[in-house]
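Summary of the model geometry
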Amino acid sequence: MIEQLAAVDQSFFTDRSSGNCIQDNKLFCPGWVVDNYDRYVDPTLQHLVLVGSAVAGGFLIAFGLAILAHRHRFLQTPFLAGTGILYTIPSISFFFLLLPITGRGSLTAIIALTAFNLQIIFRNITTGLRNVPPNVTEAARGIGLTRSQILWQVEIPLAMPEIIAGLRIATVSTVALATLAVFANGGGLGTEIVTGSNITFKTGIIVAGSIAVIMAIVFDGVLLLVGKLLAPWKRKQAIS
Amino acid sequence: MALPPPPLPAAFLSLFGDAFNFVFSGREAETGGVTVGGTSQVIELATKQIEVTLLALAVAILLAMPVGLWLGHRQQGEFLAVSAGNAGRAIPELALIALMAAAIGVGLVNLVVALAILGIPPILTNTYVGISQVDRASVEAARGMGMSETGIVRKVELPLAVPTIMGGVRTAAINIVATATIAPLAGILTLGDFIIARNVYGDAGVLAGAILVALMALALEGTLATIQWAMTSKGLKLNRS
Amino acid sequence: MTAESVSASPVRFESVTKRYPGADSVAVEDLSFEVPAGEICVLVGPSGCGKTTALRMVNRTVEMTSGDILIGGRSVKEGDPARLRREIGYVIQQIGLFPHRTISQNIGTVPALLGWDKERIAARSAELMELIGLDPEYGDRYPAQLSGGQQQRVGVARALAVDPPVMLMDEPFGAIDPINRSRLQNEFLRLQAELRKTVLFVTHDVDEAIKMGDRVVVLKKGGHLAQYATPTELLMEPADDFVEDFVGADRALKRLALMRVRDVDLWTAPLAQAGDPSEPVRTAVAAAEVPYALLVDGENRPQGWLSERDLAGEQVPATPDSSADPLIDADSVLRDGLATLLQSGSLYAPVVDARGRLTGVLSVEIVSDFLASDEASESELSAAERPHD
Ligand SMILES: Nc1ncnc2c1ncn2[C@@H]1O[C@H](COP(=O)(O)OP(=O)(O)O)[C@@H](O)[C@H]1O
Ligand SMILES: [Mg+2]
């Protein structure tokens, strides 16, 4: 099967030739990129959908679990263990474990990536909530805030830096992992790495890989900014 | 992306039955002729996957841990150590393996190098963080009592940083074993072959491969967690609770 | 262990200066003083004045810029710093016990570095644990299982492990609550009375300096020596306004911290044991300094105060109306004894030795008499020697 993947699909390249660079499969052919940038639009958008859905889904579920575990401490251990198993199962394996249930497609990929995310986000939210100084919650209780007011007005805002940190880790990892969605017919930038039956076209790999890296960096930067906006009291500290 | 029809329990179970048979008895290849699957091929591919995983993990540990220990002990290079971890997460595993294979060629060494690259960042970051977060009072006391610098690293900082360092090793191991699943793209046949080469193994092979890879990852994680538990001083476990 | 004790060495600072790289001012400047062997010298001064720096130059965890420090006549600069440090006990405020090692292993750290065999280390650990009053069964526990005070005791034991001639202690009791701090201070003084180490002790608390020090080095910002004197001299004759300010307006009261309860003339109370006839006790009470009788057991340990009602019967009862509490430790300083007395609201308190046996009775009057006599001597002193004050 390697030979099959390795066979260069010549017709595909001669279509939009940029000279010898393609034929020789040099490390990077800028001309080809200029001619073919449009083919990356759809995979990039698909990638964004995969990552966006998986992180959003992971966040919602993990947040719910974290709040539950915060209220009922005994749930912490089983939740950690459960999300830990989901985290440990390789996504590519997860795609196909879902095969009998959801078949192939982007939904399968999103479920698997969501499962991967849960623990990262769950862990950070619970750590953030746990690290809220007890005297602060004590004071909040003392001035008459109810339990849920304490949670929403004191604990969650104070845990925000850690929550955002978890989201950053989850998002960046998911952008990278989502390239594997191609194996589940889930689309995304992976389709431009495993182009048809071909994985030896270096320029294509580099372009797709670079888009993924840039996407990760942009997401990371955006979340960093969001974190600073949501935790203005941390900004001054960060400078010193 | 239309939703697939709700699975019939019977069809669902029969696919798992097929996967089960694939692992233990094998079946004829989709491409005809030869028999694929069966315990002997499963063992062969699983052994290969464990081999490349452990090799890559060992290389990553050997390269990353001394650097992390050194930087952490000197409390220097935090930016380097922490950025390495962040950058490492952004590497698309598929692109890395594909590019290594395409640009340098297929083969065991290249694969191990590519996998080790994935393992280095979390080990480096966690080793740095683990060592540099060791209570400075313990370090100062050790130095004040006349422990040598290497003695301080070996007898004080390292044992105290075990949980954090092993956390990094576990992250690295999970990432490596997962990525070793797509090693067939780089010419090394691991359990991932069952998954990737559906045209050969069929859906039963794909599902069997997925189950086996999941079990392998969980077993590896469980083993490392046990090793971590055994390496962690009882005094630290008390501290946590 | 006292028998095989290494004799202590004097420590001498000779024009020691430290300038941290990149700092605009010196941390310690031209510091000279000598601590005689076997004495506690306390370095005291406001935060940031260079106490820690001065201390750490002794074991070279900070290297001095110029000058020299001699231990027993030998410069610390000679030889390998790690070897030097193994011969100097070191206790810091944060204690720095190794959380991954048992108490025995913690105490045995330096012996292990010096290559002692296992049995000798174990024996030494056990010996030191006894010395610091820790049950030997704690040897297999981990630091996290000990209270802060116990951890600090272990820190001291660890520093004493190879019986070093010199001990450095940087605010060793600074993080302990006041009650335990005073207990640890007393224990350490008791230990020191036996061990006779040369101790350099850093604190920012002038009360602690006065209580702990045989001599006190007062440092000003920038590591300048403001005064080097005994605690009494310091309280009686502060060298300048800075020292006077630092020592505080309540100097007279502070002098109470210099006297131990056992050093003042205690009063005596009539004693009785359970079953004694009451009659002679009643007679004794009428004539005594302390107008109450104390019930003691066969070993002279106070059991309670006998009221008139207790003595109304034929025989002295075994369980008197009021308990003997509070008992005051004869080794505690007068200030603490007075505090205990005032807090309990009683006029008299039995003073007991380490085994709980009665040595006398403390009253508020004893303290006020002591202060009055000292106030007098102090004002005489200042009149004679500090006419421009
Ligand atoms: N490692 C260091 N580098 C630079 N300056 C230091 C260092 N350690 C202490 N200092 C400075 O030296 C002065 C004395 O510090 P220190 O000896 O710790 O004082 P103290 O123990 O009396 O509080 C302070 O101004 C402090 O800021
Ligand atoms: Mg200090």
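Residues numbered from 1 in each chain as written. Chains lettered and ligands numbered in written order. Predicted model: local features only at pLDDT ≥ 70, side-chain atom pairs only at ≥ 80, totals over all residues. Heavy atoms only, no water.

What to know about the overall build of chain B
- Within chain B one finds 10 helices and 2 strands.
- C-alpha extents for chain B along the principal axes are approximately 75 × 45 × 40 Å.
- Going through the 241 residues of chain B one by one, you find that 54% of them count as buried.
- Carbon and sulfur atoms form 67% of the exposed surface of chain B, whose accessible area is close to 10,200 Å².
- With 13 positive and 14 negative side-chain charges, chain B shows a spacing of 13 Å between the two charge centroids. (Helix = DSSP H or I, 4+ residues; strand = E, 2+ residues; numbered from the N terminus. Buried < 20%, exposed > 50% of the residue type's maximum accessible area, 1.4 Å probe, protein only. Areas by Shrake-Rupley, 256 points an atom, 1.4 Å probe, with all protein chains shown as cover. Lys, Arg positive; Asp, Glu negative; His and termini not counted. Charge placed at Lys NZ, Arg CZ, Asp CG, Glu CD.)

What about the domain arrangement of chain C?
All names here are of chain C.
- Per the domain assignment, the segments making up chain C are domain 1 (11–258) and domain 2 (262–372).
- Averaged C-alpha coordinates put domain 1 and domain 2 at centres separated by 38 Å.
- Taken together, the contact between domain 1 and domain 2 spans 10 residues of the former and 11 residues of the latter.
- When the area that domain 1 buries against domain 2 is broken down by residue, the three leading residues are Arg190, Leu256 and Ala257, summing to 56%.
- Here domain 1 and domain 2 share 4 salt bridges between them. (Domains from an automatic or database assignment. Contact = heavy atoms within 4.5 Å. Buried area = accessible area lost by both parts, 1.4 Å probe. Salt bridge = Lys/Arg side-chain N within 4 Å of Asp/Glu carboxyl O.)

Some remarks on the interface of chain A and chain B
- Contacts between chain A and chain B engage 43 residues on the former and 43 residues on the latter.
- Interface area for chain A against chain B, summed over the two sides, is near 3,600 Å², with a carbon-plus-sulfur share of 80%.
- Between chain A and chain B we count 1 salt bridge in total.
- Its salt-bridge partner being Arg104(A), residue Asp203(B) comes within 2.9 Å of it at the nearest N-O pair.
- In this structure, the connection of chain A to chain B is made through 2 residue pairs in polar contact (both at pLDDT 80 or more).
- Sorting the residues of the side of chain A that touches chain B by element identifies α1 (2–6), α6 (76–88), α7 (91–97), α8 (99–102), α9 (106–130), α11 (147–177) and α12 (202–230) of chain A as the ones contributing at least two each.
- It is α12(A) that contributes the most residues to the side of chain A that touches chain B, 7 residues altogether.
- The residue makeup of the side of chain A that touches chain B, split by class, is 30 nonpolar, 11 polar and 2 charged. (Polar contact = N/O pair within 3.5 Å; in protein donor to acceptor, adjacent residues only side chain to side chain. Nonpolar A, V, L, I, M, F, W, Y, C, P; charged D, E, K, R; others polar.)

With respect to the interface of chain C and chain B
- Between chain C and chain B, the contact holds 24 residues from the first and 21 residues from the second.
- At the boundary of chain C with chain B, total buried surface from both sides reaches about 1,900 Å², with 65% on carbon and sulfur atoms.
- At the junction of chain C and chain B, the tally comes to 1 salt bridge.
- A salt bridge links Glu140(B) to Arg56(C); the nearest nitrogen and oxygen atoms lie 3.4 Å apart.
- Summed over the shared surface of chain C and chain B, the result is 6 residue pairs in polar contact (both at pLDDT 80 or more).
- The set of elements that each furnish at least two residues to the side of chain C that touches chain B consists of α2 (81–86), β6 (88–92) and α4 (109–113) of chain C.
- Residues that form the side of chain C that touches chain B fall into these classes: 12 nonpolar, 7 polar and 5 charged.

Description of the side chain of Arg85(C)
- When you line up the elements, Arg85(C) lands in helix α2.
- Buried charge without a partner: Arg85(C) forms no salt bridge, and the closest opposite charge is Glu149(B), 5.2 Å away.
- Arg85(C) has contacts with Arg143(B), Gly144(B), Met145(B), Gly146(B), Asn59(C), Arg60(C) and Thr61(C), leaving out every residue within four places of it along the chain.

Considerations on the pattern of salt bridges
Residues and elements named next belong to chain C.
- In the structure shown here, the tally under the stated rule is 31 salt bridges over all chains.
- Taking the shortest distance from any N to any O, the salt bridge between glutamate 63 and arginine 60 comes out at 3.0 Å.
- Relative accessible area serves as the criterion here: at 12%, arginine 60 is assigned to the buried category.

Remarks on the sheet that holds strand β14 (residues 328–329) of chain C
Residue and element names in this part refer to chain C.
- A sheet is described by the order of its strands in space; here 3 strands give the open sequence β14-β15-β16, paired in mixed fashion. Two strands in the sheet have a free side with no partner beyond their single neighbour: β14 and β16 (358–363).
- In this fold helix α13 (residues 334–344) packs onto β14, β15 (348–352) and β16, with an angle of close to 70 degrees to the strand it touches most, β16. (Pairing = 2+ DSSP bridges. Axes fitted to C-alpha atoms, helices over the stretch in contact; angles between N-to-C directions.)

What to know about the site of ligand 1
Residue and element names in this part refer to chain C.
- In the vicinity of ligand 1, the contacting residues are Tyr20, Ala27, Ser47, Gly48, Cys49, Gly50, Lys51, Thr52 and Thr53.
- Residue tyrosine 20 places a side-chain N or O atom 3.3 Å away from a nitrogen atom belonging to ligand 1.
- In the complex, 56% of the free accessible area of ligand 1, which totals 560 Å², lies under the protein chains.
- Looking at the shell around ligand 1 residue by residue, the classes come out as 3 nonpolar, 5 polar and 1 charged. (Near = heavy atom within 4 Å.)

Overview of the pairing of strand β4 (residues 66–71) of chain C
All names here are of chain C.
- Taken together, the 5 bridges between strand β1 (residues 11–18) and β4 define a ladder with antiparallel strand orientation. When the sheet's bridge partners are listed, arginine 12 is paired in β4 with leucine 70.
- Pairing between β4 and strand β5 (residues 74–75): 2 bridges, direction antiparallel. Looking at β5, one finds that isoleucine 71 is bridged to arginine 74.
- Adjacent in sequence and paired antiparallel, β4 and β5 are bridged by 2 residues, among which glycine 72 carries a positive phi angle near 55 degrees.

Some thoughts on the confidence of the model for chain B
- Overall, the prediction assigns chain B a mean pLDDT of 90, with 95% of residues at 70 or greater.
- Confidence, read as mean pLDDT per element, is least for helix α10 (residues 234–240) of chain B in chain B (77) and greatest for helix α7 (residues 149–179) of chain B (96). (pLDDT = per-residue confidence, 0-100.)

Re the packing of aromatic side chains
- One pass over the full model with this rule turns up 16 aromatic pairs over all chains.
- Centroid distance Tyr292(C) to Trp305(C): 6.4 Å. Interplanar angle 75 degrees. Geometry classified as edge-to-face. Residue Tyr292(C) is found in the loop between α12 (278–287) and β12 (293–296), and its partner Trp305(C) is found in strand β13 (residues 302–306); the two are separated by 13 residues along the sequence.
- Linked through ring pairs, Trp267(C), Tyr292(C), Trp305(C) and Tyr348(C) together constitute an aromatic cluster.
- Here the guanidinium or amino end of Lys237(B) rests over the ring plane of Trp229(B), the centre of that ring lying 3.9 Å away.
- The ring of Tyr138(C) carries the charged tip of Arg141(C) above its face, separated from the ring centre by 4.3 Å. (Phe/Tyr/Trp six-rings, centres within 6.5 Å; stacked < 30°, edge-to-face > 60°. Lys NZ or Arg CZ within 6 Å of the ring centre and 35° of its normal.)

Considerations on the environment of Gly166(A)
- In this structure, Gly166(A) sits in helix α11.
- Assessed through its relative accessible area of 0%, Gly166(A) is described here as buried.

A short note on a nonpolar patch on the surface
Residue and element names in this part refer to chain A.
- On the surface, Ile214, Val218, Val222, Val226 and Leu230 cluster together into a nonpolar patch covering about 400 Å² of accessible area.
- Considering the arrangement of structural elements, one finds valine 226 in helix α12.
- With relative accessibility at 31%, the residue valine 226 sits in the partly exposed group. (Patch = residues over 30% accessible without salt bridge, like charges linked within 9 Å, V, L, I, M, F, W, Y side chains within 5 Å.)

Observations regarding the pairing of β13(C)
All names here are of chain C.
- Of all 5 residues that make up β13, 4 are buried, and the element is covered over most of its length.
- Note: β12 against β13, 4 bridges, orientation antiparallel. Each residue of the ladder has a partner; that of leucine 294, found in β13, is tryptophan 305.
- Connecting β12 to the next strand, β13, in antiparallel fashion are 5 residues, including asparagine 300 with a positive phi near 70 degrees.

Things to note about the sheet that holds β13(C)
Residue and element names in this part refer to chain C.
- Strand order in this open sheet of 3 strands is β11-β12-β13, and the pairing throughout is mixed. Each edge of the open sheet carries a strand with a single partner, namely β11 (271–272) and β13.
- Of the strand pairs in this sheet, β11 and β12 are connected by 2 bridges, and their pairing is parallel. For leucine 271, the partnering residue across the bridge sits in β12 and is leucine 294.

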